[in-house]
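# Reading the structure
The chain contents come next:
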Amino acid sequence: MGLTASVLAVDAGNSKTDVAVVTAGGDVLATARGGGFRPPADGVEQAVDALAEAVTRAFAAAGVTSVEHVSACLANADLPVEEEQLAAALHARAWGARVDVRNDTFAILRAGVAEPLGVAVVCGAGVNCVGMRPDGRTARFPAIGRMSGDWGGGWGLAEEALWHAARAEDGRGGPTELARTLPAHFGLGSMQALIEALHLRHVEPARRHELTPVLFATAAGGDPLARSVVDRQAEEVVAMATVALTRLDLLAEPVPVLLGGSVLAARHPQLDDRIRELLAHRAPKAVPRVVTERPVLGAVLLGLDGVDAAPAAHARVREHFAA
């Protein structure tokens with residue numbers, strides 16, 4: 001008798017989707033990768049169609065047509081109403097008897113902890129934070145941009161750097177090396193030239209994200225203004241983590257605070273050191289760690305949590321994704 005698929009795990013980000021079909025015992029029967037998941041841009045149904053392509057391939061490889069439990073960690077599932085809409089759309093596909101939809105930050109958190117206990121701050125293109133306890137309590141933020149109180153992330157840092165550099169060059173702000181290093185990244189000699197190139201799309205606006213590493217390099221070179229921007233990002237990361245820990249009554253416990261996303265995973269010394277310094281002061285019991293595990297592992301583990309799988313099953317899938 002063959003192995004029975006129990007969990008379909010989906011980790012869907014803006015740029016790519018990973019899916020896995022897993023037994024309740026932790027055996028990974030199949031995996032597949034698909035394109036990005038962007039309901040705000042594409043609409044819910046079209047976005048779920050993109051998921052379906054990867055799910056269909058994984059099901060075919062596993063030799064199944066459905067599972068007991070779907071664990072979907074999805075980008076852009078930022079509000080409870082969005083989670084409900086996406087859960088309904090996934091349930092309509094009949095991939096599993098039960099469907100559990102969460103924001104994709106929960107996958108990063110669950111991947112990095114031995115049990116569903118801790119807080120994760122993700123700083124990639126944007127910034128987000130979630131926390132969870134084994135009793136099912138969670139903490140989260142809307143994380144839909146400045147209007148929900150967010151600051152930073154790769155895009156935000158690039159915009160902040162451009163703002164300060166433009167004002168430095170035209171005299172409205174104080175001096176900063178960013179006025180030289182940002183345009184130099186594109187082979188340009190001034191902020192005026194860079195502003196014009198971005199506005200006229202001689203440099204594609206999507207390439208602004210390339211300026212975030214330039215900001216960190218300028219800060220590492222000692223520029224006071226660039227360093228102040230990096231310090232503010234550290235403040236924002238620690239503020240989110242501390243609020244999540246407080247909401248979950250975890251400030252007095254030694255729990256993991258996982259740091260994920262491209263900006264935090266880069267381990268910029270100033271940012272990394274400042275985050276740890278601030279956490280030591282505001283949440284001294286917290287145990288910070290940069291998470292390196294693949295987010296799809298977190299989606300699988302959340303699915304195994306949902307079917308009450310034994311600890312050995314969790315260990316088996318960790319071994320699979322670590323290989």
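Here's a quick rundown of the structure. Just so you know, these numbers come straight off a predicted model, no measurement behind them.

## Some points on helix H6 (residues 178-185)
Those residues of H6 not exposed but buried are Leu178, Ala179, Thr181, Leu182 and Pro183. On its buried face, H6 sits against helix H5 (153-170), helix H7 (191-199), helix H8 (211-220) and helix H9 (224-247). At the exit of H6 stands Gly187, carrying a positive phi of roughly 75 degrees.

## Side note on the packing of H5 against H9
To characterise two packed helices, one gives the angle between the axes of the helices and the distance between these axes. Packing of H5 against H9 leaves a shortest axis separation of 11 Å and a crossing angle of 150 degrees. Compared by their axis directions, H5 and H9 come out roughly antiparallel. The hand of the H5/H9 crossing is right-handed. Listed contacts from H9 to Gly153, Leu157, Glu160 and His164 of H5 are Leu225, Val229, Arg232 and Gln233.

## Some words on the layout of surface pockets
In this structure, the largest pocket spans a volume of roughly 1,400 Å³. Along the walls of the largest pocket sit 46 residues, with Asn14, Gly124, Ala125, Gly126 and Val127 positioned nearest its centre. Elements supplying a minimum of two residues to the lining of the largest pocket: helix H4 (105-111), strand E7 (127-132), H5, H8 and helix H10 (262-265). Among the elements that take part in the lining of the largest pocket, H5 stands out by supplying five residues, more than any other. The residue makeup of the lining of the largest pocket, split by class, is 16 nonpolar, 19 polar and eleven charged.

## Some points on empty space enclosed by the protein
Taken as a whole and assessed by the stated rule, the structure comprises one cavity of 30 Å³ or more. For the largest cavity, the calculated volume is near 40 Å³. Taken together, Leu259, Val263, Leu264, Arg267, His268, Leu271, Asp272, Ile275 and Val290 form the lining of the largest cavity. For the lining of the largest cavity, the secondary-structure elements that each account for two or more residues are H10 and helix H11 (269-282). Per-element tally for the lining of the largest cavity: the top contributor is H11, with three residues.

## Details of the pattern of salt bridges
Overall, the coordinates contain 24 salt bridges when judged by the stated rule. The residue Glu45 makes a salt bridge to Arg93 at a minimum N-O spacing of 3.3 Å. Separated by 48 residues along the polypeptide, Glu45 in helix H2 (residues 44-62) and Arg93 in the loop between helix H3 (80-92) and strand E5 (96-103) bring together distant segments of the chain. The partner of Arg57 in a salt bridge is Glu53, with the nearest N and O atoms 2.7 Å apart. In this pair, Arg57 and Glu53 both sit in helix H2, four residues apart, roughly one turn of the helix. Using a relative accessible area of 37% as the deciding quantity, one classes Arg57 as partly exposed. The class for Glu53 is partly exposed, based on a relative accessible area of 42%. One continuous salt-bridge network, built from bridges that share partners, spans Lys16, Asp18, Arg33 and Arg294.

About the criteria used
- Residues numbered from 1 in each chain as written.
- Predicted model: local features only at pLDDT ≥ 70, side-chain atom pairs only at ≥ 80, totals over all residues.
- Heavy atoms only, no water.
- Buried < 20%, exposed > 50% of the residue type's maximum accessible area, 1.4 Å probe, protein only.
- Helix = DSSP H or I, 4+ residues; strand = E, 2+ residues; numbered from the N terminus.
- Contact = heavy atoms within 4.5 Å.
- Axes fitted to C-alpha atoms, helices over the stretch in contact; angles between N-to-C directions.
- Parallel < 35°, antiparallel > 145°, perpendicular 65-115°, else oblique.
- Left-handed = near helix turned anticlockwise from the far one by under 90°.
- 1 Å grid on protein atoms, 1.4 Å probe; cavity = no way out; pocket = protein on both sides within 12 Å on 5 of 7 lines; lining within 4 Å.
- Points joined across faces, edges and corners; volume = space filled by probe spheres on them.
- Nonpolar A, V, L, I, M, F, W, Y, C, P; charged D, E, K, R; others polar.
- Salt bridge = Lys/Arg side-chain N within 4 Å of Asp/Glu carboxyl O.

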